[in-house]
Amino acid sequence: MSPTSPPGRTTLVKENLPMVAVIRLPLPFALKEIKIYLIAGNHGYGLLDTGPNTEAARKALEAGLAQLGVPFEAISTIFISHYHSDHAGLAGWVKKRSGAKILMDAQDSRDLAKFMKGSPAGFIDPHFLGQHGMSQERIDIIGQALIGLKDLIVPFAADELVQDGQDIYLGSLGLSCFRTPGHTPGHTCLYYEPDNILFCGDHLLKEITPTVSAGSKIDHPNPLGAYLDSLRRTAVLNPRLALTAHGPDIADPGQRVDEIVHHHDKRKGIIKFILADRPKTCQEITSALFLDEISLLEKMIAFNECYAHLIDMEMEGSVRRIEEQHLVKFCLRDN
Ligand SMILES: [Zn+2]
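1. Some points on the overall build of the protein
Then comes step 1: A tally of helices and strands in the protein yields 10 helices and 14 strands.
Then comes step 2: Relative to its length of 335 residues, the protein is compact, with a C-alpha radius of gyration of 20 Å against a globular reference of 20 Å.
Then comes step 3: If you line up the protein on its principal axes, its C-alpha atoms span 65 × 40 × 35 Å.
Then comes step 4: Per-residue burial for the protein yields a buried fraction of 44% across its 335 residues.
Then comes step 5: Restricting to contacts in the protein with at least 6 residues of sequence separation, those with at least 24 account for 65%.

So this is what it looks like as structure tokens:
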């Protein structure tokens, strides 16, 4: 399906899953579009993810439901794959219009509450960023740029916290929760066992590698390590199809898992190369990794992902951290 499809456009997923429709909603990010899934059922419809709280996404969701002839009140269950605004943003709004209950992972529910309670730019920690080599000027600019981000989520509390392996119903589909920490600490996919299909949220994407963030605001000791473990579990599950939240679906998820693992191995190799001459801060390494012009939000994501690599490399013993003039730097272990 082309990424330029009109907002709100709906399609039925596959001949095997005729009760599942995709609704495409626009995003105010470089990623352009999210696919959310509406699943029919005699006792109410289920919705997997919801889009961000923007007027364009709300209109597109209204249009998509109208096209399918499904009123908001027909939705009885909303499942949130993870707490990011493009997935959780409209859950509170849909709940208000439908009375649906919201299901999500406990850890992501806690992280969402923390994010919503913090200051407007609540998920950056100036002290942490400064320690890791980011200039005060850039910290201020990023802080300003992130102020509107919280508005992309309508506040809500989950009605039910799900666990790995738990069976749930979305519409008429019986699905099991397949917890895949990494992209967020509580990211959860849904597995449809009869047809070996994984609704994979942002755990696997076909055209880009899902971001993995670490930092003082991410409540996990080793997000990249967790992600690589989740990828291994996905390879064992061996779904024949992964229905993604962004971009094309994945017809060979096992191969995509291999590609993403390889990408992270390669990235670690490049970080070792960058560190070969002297210790460097996370900011210096990030700047060396991403020479191209990228947006402020992407710079922050790049920094958080670089830090996730460094933590995983520390844990596997290839780098260690030192302190130099109030800065945290990383160096190769054999130095
Ligand atoms: Zn997403």
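2. Considerations on the sheet that holds strand 9 (residues 173-179)
Then comes step 1: Pairing is mixed across the open sheet formed by 5 strands, whose spatial order is 8-9-10-11-12. One side of each edge strand has no neighbouring strand; the edge strands of this open sheet are strand 8 (167-170) and strand 12 (241-244). Here the strands of the sheet are splayed against their neighbours by 35 degrees on average, with no regard to which way each runs.
Then comes step 2: Summarising the sheet, strand 8 and strand 9 pair through 4 bridges and their orientation is antiparallel. When the bridges of strand 9 are listed, Ile168 appears paired with Leu175.

3. Considerations on helix 10 (residues 296-316)
Count 3.6 residues to each turn of an α-helix, and residues three or four apart come out pointing the same way.
Then comes step 1: Taking 1.5 Å of rise per residue, the 21 residues of helix 10 would be expected to cover 30 Å, and the 30 Å separating its terminal C-alpha atoms lies within 8% of that figure.
Then comes step 2: Phi turns positive, to about 90 degrees, at Gly317, one or two residues after helix 10.

4. Digging into unusual backbone geometry
Then comes step 1: Residue Gln325 is not a glycine yet carries a positive backbone phi of 45 degrees.
Then comes step 2: Residue placement: Gln325 occurs in the loop between strand 13 (319-324) and strand 14 (327-332).
Then comes step 3: Phi at His326 takes a positive value of approximately 65 degrees, unusual for a residue other than glycine.
Then comes step 4: Looking at His326, the number of C-beta atoms within 10 Å reads 7, which means it is exposed.

5. Observations concerning the pairing of strand 11 (residues 197-201)
Then comes step 1: The element strand 11 is largely enclosed, with a buried count of 5 among its 5 residues.
Then comes step 2: Residues Ile197, Phe199 and Gly201 point to one face of strand 11 and Leu198 and Cys200 to the other, with burial holding for every one of them.
Then comes step 3: Pairing geometry for strand 10 (residues 188-192) and strand 11, over 3 bridges, is antiparallel. Directly across from Tyr192, in strand 11, lies its bridge partner Ile197.

6. A look at the pairing of strand 12
Then comes step 1: Neither face of strand 12 is left uncovered, since the one carrying Leu241 and Leu243 and the one carrying Ala242 and Thr244 both have all their residues buried.
Then comes step 2: Pairing analysis gives 4 bridges linking strand 11 to strand 12, with the strands arranged parallel. Each bridged residue has a counterpart across the sheet, and for Gly201 the counterpart in strand 12 is Thr244.
Then comes step 3: In this region the chain leaves strand 11, passes through helix 7 (residues 223-237) and returns to the parallel neighbour strand 12; the handedness of that crossover is right-handed.

7. Here's the deal with the nonpolar core
Then comes step 1: In this structure, Tyr37, Ile78 and Ile102 are the most contacted members of the largest nonpolar core, which totals 57 residues.
Then comes step 2: Filtering out sequence-adjacent residues up to four positions away, Tyr37 remains in contact with Val20, Val22, Leu48, Phe199 and Leu243.
Then comes step 3: By size, the runner-up hydrophobic cluster in this structure holds 25 residues, among which are Ile124, Met134, Ala214 and Ala308.

8. Observations concerning the packing of helix 9 (residues 282-289) against helix 10
Then comes step 1: Orientation of helix 9 relative to helix 10, taken along the N-to-C sense of each, is 110 degrees, at an axis distance of 9 Å. Judged by the angle between their axes, helix 9 and helix 10 are roughly perpendicular. Considering only the axes of helix 9 and helix 10, their crossing is right-handed. Facing Cys282, Gln283, Ile285, Thr286 and Leu289 of helix 9, the residues of helix 10 in contact are Ala302, Phe303, Cys306, Tyr307 and Leu310.
Then comes step 2: Residues of the contact of helix 9 with helix 10, tallied by class, amount to 8 nonpolar, 2 polar and no charged.

9. Looking at helix 4 (residues 106-117)
Then comes step 1: Look at helix 4: 17 Å from first C-alpha to last across 12 residues, which is about the 16 Å you get at 1.5 Å a residue.
Then comes step 2: Here helix 4 has its buried residues at Gln107, Asp108, Ser109, Asp111 and Leu112.
Then comes step 3: At its buried positions, helix 4 is contacted by helix 2 (85-88), strand 6 (101-105) and strand 7 (160-162).

10. A few points about the environment of Glu316
Then comes step 1: By secondary structure assignment, the location of Glu316 is in helix 10.
Then comes step 2: The exposure class assigned to Glu316 is exposed, which follows from the 12 C-beta atoms found within 10 Å.

11. A word on the environment of Asp252
Then comes step 1: Mapped onto the elements, Asp252 comes out in the loop between strand 12 and helix 8 (253-274).
Then comes step 2: On the basis of neighbour counts, which here come to 14 C-beta atoms within 10 Å, the residue Asp252 falls in the partly exposed class.
Then comes step 3: As a C-alpha pair, Asp252 and Cys282 span 30 residues in sequence and 34 Å in three-dimensional space.

The rules behind the values
Residues numbered from 1 in each chain as written. Predicted model: local features only at pLDDT ≥ 70, side-chain atom pairs only at ≥ 80, totals over all residues. Helix = DSSP H or I, 4+ residues; strand = E, 2+ residues; numbered from the N terminus. Rg over C-alpha atoms; globule rule 2.2 N^0.38 Å. Buried ≥ 20, exposed ≤ 12 C-beta atoms within 10 Å, placed from the backbone. Contact = placed C-beta atoms within 7 Å. Pairing = 2+ DSSP bridges. Axes fitted to C-alpha atoms, helices over the stretch in contact; angles between N-to-C directions. Expected span 1.5 Å × (residues − 1). Right-handed = clockwise from strand over helix to strand, strands pointing away. Core = buried A, V, L, I, M, F, W, Y, C linked by C-beta atoms within 7 Å. Parallel < 35°, antiparallel > 145°, perpendicular 65-115°, else oblique. Left-handed = near helix turned anticlockwise from the far one by under 90°. Nonpolar A, V, L, I, M, F, W, Y, C, P; charged D, E, K, R; others polar.

From the geometry alone we can't say anything about function, so treat these as descriptive.
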